[in-house]
Amino acid sequence: MIRINCPYCGERDHSEFSYGGDATINYPSLDASEKEWTEAIFFRKNIKGFQFETWHHSNGCRMWLVVERSTVTHEIKSVKPCHPNLQKVVENNK
Amino acid sequence: MKTRRLDNYGKINRDKILSFSWDKKNYKGFEGDTLASALLANNIGIVGRSFKYHRPRGIFSSGVEESGALVTIGSKDRRDPNVRATTQELYNGLEASGQNAFPNVNFDLAGINNYLGRFFAAGFYYKTFMGIPPLEWGKGTAIWMFFEKFIRKAAGMGSASRLPDPDTYEHAHDFCDLIVVGSGPAGVAAAIEAAEKKLDVILVEQDSLVGGDQLAENNFDNSQIKNQLENLGIKIMTRTTAFGLYDNCVVGLLERVTDHISAPNVNIPRQRFWTIRAKHIIVGAGAIERHIAFNNNDIPGVMTVNASKHYLNRYGVLTGKRIAIATNNDSVYETAQQLSEAGANVTVLDSRTNFEIETNKSFEIRKGYVPYNINGSKKIHSLDVSKSEDINKSETINCDQVLLSGGWSPAVHLLSHRGVRPKWDYSNACFLPSDSKENITMVGSSRGLWNKNDCIASGIAGTTDALNRLGISKTNYFFPKPGGWKNPIQPLYEVKYKKSRSKSFVDYQHDVTTDDVRLAHREGFISVEHLKRYTTLGMANDQGKMGNIIGLSLMAELLNKEIPEVGTTVFRPPYTPVSIGALSGRNVGKHFRPLRVTPMHQWNIDHGAKMIEVGLYQRPWYYPKENETLSDSYIREASTVRKTVGICDITSLGKIAIQGPDSSEFLNRIYSNGFSKLQVGKARYGIMLRDDGIVMDDGTSWRLAENEYFMTTSTGEAAKVMSWLEELLQTRWTNLNVNVTSVSEQWAGVSIAGPKSREVLNNCVDDSLVVTNNNLPFMGVTSTFLKGNIPCRIARISFSGELAFEVYVKSDFANTMMDLLWENAKKYDGCLYGLEALGALRVEKGHVTAAELDGRVTIDDAGLSKMASTKKSYIGSAMRKRGVLKNNDREILVGFFPTNLKETFNAGTIVCEKNNIKGQGIGRITSVTYSPELGHWIGLGFVKGGLDKWKDTNLVGADPVRNKQMNLKVVSPHMIDPNGERMYA
Ligand SMILES: [Zn+2]
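No experiment lies behind these values; they were computed from the predicted model shown.

J.: How would you summarise the overall build of chain A if you had to cite specific residues and measurements?
T.: Within chain A, the secondary structure is distributed over two helices and six strands. In sequence order, the secondary structure elements of chain A are arranged as β-β-β-α-β-β-β-α. Summarising its shape, the C-alpha atoms of chain A cover approximately 40 × 30 × 20 Å along the three principal directions. Looking at chain A residue by residue over its 94 residues, the buried ones come to 36%. If you take every contact in chain A between residues at least 6 apart in sequence, the share linking residues at least 24 apart comes to 43%.

J.: A description of the coordination of the zinc ion should follow, citing residues and the corresponding values.
T.: Residues and elements named next belong to chain A. Listed as protein donors to the zinc ion are Cys6 (SG), Cys9 (SG), His57 (ND1) and Cys61 (SG); their distances from the metal cover 2.0 to 2.3 Å. With four donor atoms in place around the zinc ion and angles of 105 to 117° between them, the coordination shape is tetrahedral. Mapped onto the sequence, the residues coordinating the zinc ion show the spacing C-x2-C-x47-H-x3-C. Here the residue cysteine 9 occupies a position in the loop between strand 1 (3-6) and strand 2 (10-13), and histidine 57 occupies one in the loop between strand 4 (50-56) and strand 5 (64-70), the gap between them amounting to 48 residues. For cysteine 9, a relative accessible area of 22% gives the class partly exposed.

J.: Any chance you could break down the sheet that holds strand 5 (residues 70-73) of chain B for me, citing the residues and the numbers?
T.: Residues and elements named next belong to chain B. Pairing is mixed across the open sheet formed by five strands, whose spatial order is 2-1-7-5-6. Edge positions in the open sheet fall to strand 2 (25-31) and strand 6 (80-84), since each of these has one partner strand only. Each strand of the sheet is rotated relative to its neighbour by a mean of 40°, with strand direction disregarded. For strand 5 and strand 7 (residues 94-97), the ladder comprises two bridges, and the chain directions are antiparallel. The residue bridging threonine 72 from the neighbouring strand is serine 97, located in strand 7.

J.: Quick rundown of the pattern of salt bridges? Include the residues and the values.
T.: Residue and element names in this part refer to chain B. Per the counting criterion, the structure on display carries 58 salt bridges over all chains. With a shortest N-O distance of 2.7 Å, arginine 57 and aspartate 511 are connected by a salt bridge. Of this pair, arginine 57 sits in strand 4 (residues 56-57) while aspartate 511 sits in the loop between strand 27 (505-507) and strand 28 (512-513); the two residues are 454 residues apart in sequence, bridging distant segments of the chain. When its relative accessible area of 0% is taken as the criterion, aspartate 511 is described as buried. It is possible to trace a salt-bridge network through shared partners that takes in Glu494, Lys496, Asp515, Arg518 and Glu557.

J.: An account of the packing of aromatic side chains is needed here, citing residue identities and associated values.
T.: Applying the stated criterion across every chain, the model contains 23 aromatic pairs over all chains. An angle of 85° between the planes, with centres 5.3 Å apart, marks the rings of Tyr19(A) and Trp55(A) as edge-to-face. Taken together, the residues span a long stretch of sequence, with Tyr19(A) in strand 3 (residues 18-22) and Trp55(A) in strand 4 at a distance of 36 residues. When the ring of Trp450(B) is compared with that of Trp485(B), the centres are 5.0 Å apart and the planes differ by 15°; the resulting orientation is stacked. A residue pair is termed long-range when its members are at least 10 positions apart, and Trp450(B) in the loop between strand 26 (440-442) and helix 9 (452-469) and Trp485(B) in the loop between helix 9 and strand 27 qualify at 35 residues. Here the aromatic cluster, defined as three or more aromatic residues joined through ring pairs, consists of Trp702(B), Phe710(B), Trp747(B) and Tyr808(B). Stacked on the ring of Phe710(B), the Lys or Arg Arg793(B) has its end atom at 4.9 Å from the ring centre.

J.: Talk me through the packing of helix 6 (residues 305-313) of chain B against helix 7 (residues 333-341) of chain B; I want residue IDs and the actual numbers.
T.: Residue and element names in this part refer to chain B. Following both chains from N to C, one finds helix 6 and helix 7 inclined at 40°, their axes separated by 10 Å at the closest point. With respect to helix 7, the axis of helix 6 lies oblique. Helix 7 is crossed by helix 6, and the crossing has left-handed handedness. Contact with helix 6, carried on its side by Val305, Ser308, Lys309, Leu312 and Asn313, involves Glu334, Thr335, Gln338 and Leu339 of helix 7 and no other residues of that element. In the contact of helix 6 with helix 7, the residues fall into three nonpolar, four polar and two charged.

J.: Before we move on, can you summarise unusual backbone geometry with the specific residues and values?
T.: Note: most residues except glycine have negative phi, and most peptide bonds are trans. Residue and element names in this part refer to chain B. In this structure, proline 574 follows proline 573 across a cis peptide bond, with omega equal to 0°. As for its placement among the helices and strands, proline 574 is situated in the loop between helix 13 (563-566) and helix 14 (580-584). The phi dihedral of alanine 429 falls on the positive side, at around 50°, and the residue is not glycine. Tracing the backbone through its elements, the reader meets alanine 429 in the loop between strand 24 (423-425) and strand 25 (430-432). We note that glutamine 543 has phi near 50°; this positive angle belongs to a residue other than glycine. Inspection of the secondary structure assignment puts glutamine 543 in the loop between helix 11 (528-535) and helix 12 (548-559).

J.: Would you mind going over the interface of chain A and chain B in detail, with residue names and values included?
T.: Listed as interface residues are 24 residues of chain A and, on the opposing side, 29 residues of chain B. Where chain A abuts chain B, roughly 2200 Å² becomes buried across the two surfaces, and 57% of that area is made up of carbon and sulfur atoms. When the area that chain A buries against chain B is broken down by residue, the three leading residues are Met1(A), Leu30(A) and Trp64(A), summing to 31%. Applying the counting rule to chain A against chain B returns two salt bridges. Its salt-bridge partner being Glu726(B), residue Arg62(A) comes within 2.7 Å of it at the nearest N-O pair. Counting the contacts that link chain A with chain B gives eleven residue pairs in polar contact (both at pLDDT 80 or more). Elements represented by at least two residues in the side of chain A that touches chain B include exactly helix 1 (34-42) and helix 2 (84-93) of chain A.

J.: Give me the sheet that holds strand 46 (residues 955-959) of chain B: which residues, what numbers.
T.: Residue and element names in this part refer to chain B. If you trace the six strands once around the closed barrel, you get 42-45-44-43-46-47, paired in antiparallel fashion. Mean inter-strand twist for the sheet, computed between neighbouring axes without regard to direction, equals 45°. The sheet contact formed by strand 43 (residues 910-913) and strand 44 (residues 923-931) spans two bridges and is antiparallel. By the bridge assignment for strand 44, isoleucine 910 is matched with arginine 924.

J.: So what about the confidence of the model for chain B? Which residues, and what values?
T.: Residues and elements named next belong to chain B. For chain B, per-residue confidence averages 93 on the pLDDT scale, and residues scoring 70 or more make up 95% of the total. Counting contacts from residues 132-138, a segment whose pLDDT is below 50, to residues more than four positions away or on other chains yields three contacts. Interface predicted TM-score (ipTM) for the complex: 0.98; the corresponding pTM is 0.90.

J.: An account of helix 6 of chain B is requested, with residue identities and associated values reported.
T.: Within helix 6 of chain B, nine of the nine residues are buried, which leaves it mostly tucked inside the rest of the structure. For helix 6 of chain B, the set of buried residues is Val305(B), Asn306(B), Ala307(B), Ser308(B), Lys309(B), His310(B), Tyr311(B), Leu312(B) and Asn313(B).

Calculation notes
Residues numbered from 1 in each chain as written. Chains lettered and ligands numbered in written order. Predicted model: local features only at pLDDT ≥ 70, side-chain atom pairs only at ≥ 80, totals over all residues. Heavy atoms only, no water. Helix = DSSP H or I, 4+ residues; strand = E, 2+ residues; numbered from the N terminus. Buried < 20%, exposed > 50% of the residue type's maximum accessible area, 1.4 Å probe, protein only. Contact = heavy atoms within 4.5 Å. Donors = N, O, S within 2.8 Å, 3.2 Å for Na, K, Ca; no water. Tetrahedral: all angles 85-135°; square planar, octahedral: opposite > 155°, others 65-115°. Pairing = 2+ DSSP bridges. Axes fitted to C-alpha atoms, helices over the stretch in contact; angles between N-to-C directions. Salt bridge = Lys/Arg side-chain N within 4 Å of Asp/Glu carboxyl O. Phe/Tyr/Trp six-rings, centres within 6.5 Å; stacked < 30°, edge-to-face > 60°. Lys NZ or Arg CZ within 6 Å of the ring centre and 35° of its normal. Parallel < 35°, antiparallel > 145°, perpendicular 65-115°, else oblique. Left-handed = near helix turned anticlockwise from the far one by under 90°. Nonpolar A, V, L, I, M, F, W, Y, C, P; charged D, E, K, R; others polar. Buried area = accessible area lost by both parts, 1.4 Å probe. Polar contact = N/O pair within 3.5 Å; in protein donor to acceptor, adjacent residues only side chain to side chain. pLDDT = per-residue confidence, 0-100.

So, in structure tokens, the structure goes:
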């Protein structure tokens, strides 16, 4: 079972979380072209190794997190809030 | 019948006699016995019949590797098949019976299969029934399906009870620094070392007692170890099997809580499924002794050497009188000596010629001899042996028991669950665990250590490794080298029988013989994984714990390769079988999933509501009056709403508070229609799209104040919409100052609909002016009070197409609100209406719900193009006209009438052109209802090209599931009051 160390709640089972998706996508502006949106929505790299992905602590604090996880071993290298302001709060509380 | 029990042996409690039944006859055993030891003590040799050939089978082992003594325990609703007699503890009143035999294991009519062996070779079923020429063009499957039920009946083992399981099971969780699996010398040493270093330790043992293989030693005192462990604060879990290792040092365990008790307390679960999250795992799971393949090596009376030692020293049962031991390694000699001291006549046949071993010379050792055939069928009469180099030139040894030791296989299963492949060790003829990058350390004989002192040293080294990996210490350590016997093992997996077709078993439980492995090779199934599936080698209860290596060695020989080149199959959880009951725990029946009810749930029931489950929610379905059917009731309710007034519980809708200075901007981005100009005190219906332009959900948002909105979503999509809004705010639009909070549970809501709804509401509010047409126009919102000083929110919103209001109060006031509204609605001959009437009303109006918005529909498909703003960009706006979404033969929302208005149709009906009734047709009906207003059945759904294309065409509705067909025509989805005059009234 993957265990994710939520910066707010502590280490919890992955069953408390919902998987989001690729955390490295820069979504285009709303008025961007169909082509740019197609790239952002449908094209994904199939990474073997560590990747950044979003997880939602849906049965916990409801924070969206960036999780650095290995697709081979499920090892998790880092977990931080998606929102930059929440990231700062976490940094300051360390 | 003479007992095989010895007076001066064993650690059973002879003061406590237990009676049990075997195949309906009564026997006696002692506290501390297993079913297997009690059967052996009572001289019962045949305990089962084999899977394919129905050969008589006895007890092969004393543990989890058992593949012969699989029996059925209990009866009626507690009948539990395929239980290993070797691990089933005896209790008073235990009922056990043999399986796979008729009428019983001693005389089994299907034993004829033994003589039809050639028809039951590897792959027989598949070859015969998956396609027999000339029928193989797809017809084989049909033949297989015809024969399958007969074959399954002939080939099955025990059968499970068909009655509901009367026992309860539970899930439990725990945490620790270190979990140690196995309480042999290595595991105990590791646990003690860790506890002394202040780690929080759990020690797990599948047996009822701690000690591991030491339980087979004649002078072993288990209580002393137990006390020592407990005094150190170690949590000991006996009768608990660590069946699987998972990511992040999570261990899955099965605790058998009452399987050893005759009349367990009904308040105690039968089994517990544990999830333990540790920081480090030490596995000292031991090693399993292998047998040797040779002709008739399955006759009752064949057993592993170590098993006979267990039966002698732990249970006081001498398993044979004239015992032949066949081996290739040093591990048997201590047992041979003990057996002969206990009174057996023992001969050891050792395949090795050059070795030295110290014994008390109480038994004969024949160097260089191997067994090649057992004579006997239901019991052993004699053993044919030969000099290794001159195979099958025989001598015969008279004996009643043959003990086998073909070497030991470390139990690497748990590590294998983590994807760590074991490595073949030539000098010890076994697979050894490789190192794991995860915090898992193997100790004891599961890392190939054969003597106790090495095992203890490895346990301490294992804990040092754990402490180092956890960053607690930085101490050098080393593990003893694998091995530990004085003389090297000589690989011996099979002794070939040249005389005739042989029955030389590799895997006892599935009757896989050496010939089957060779046949698989001839037919090209040479990969280990194919071999396994083709012959079923290593499948079923024992998962090849004894036979896998023999199968591998045979394949290696056939391929002219070494065992490691052939590979090993990957072990997967569970290590031993886990009952479905334990997996489901308490998540059964009504507890399978949570139940959500609205705050007026009881009020609804008290007022006659029949409930229906919608997702997790219980919602009022209809409110029948005396003798009314569902359809009588909803037709009356819907008509009443159109005529006077009705009240409906809509609390299950999702409700989200949206607050902050950028709330308007936020809503303007997520809804397809404009929200930036919505005034305070007004609500708006809105549609949300997904990024890819498909409709996600619809609902309303009410502007309560400059920076505050109240959003409602559909019942089904409430959680998804909430997560979506949070995702947008936390990941994409992090500069927007908006906060979203789910308030679904905090507000109770009703819809009050119908021409008299304003009058009813008027009587219920404190200030009657607030709901006048001027003060609360269509889509107006007000925060006010119901009588009795109850704060509420009211919006003039209509789903039914009538003049209607949604009223929300804090959940605590739900019943008071219902009482108040209902008392006043009754004055106008109003009604309570449920989901069925709500559906009828909305279908008449062409309003879409989840039945239509199924994740494939665009805003244009749903006929809601006017809801897509052209003046702004929003989520999904770039993509909603992409590619196929702009095709002009998209399925568009329409209404349906039956051509003959007396006919009915059902949701799911496929809409076809008149002379082309096939496939997916040109559309589908998604919702249907009887329309009280129109007086006939109507439907909503989709057709390619929409209303414009099919307006005056006679179409056909095909309903193959119900074997029904009807003529129908396409109409506008707005089937009544298309201009909305009633809503605006
Ligand atoms: Zn959290």
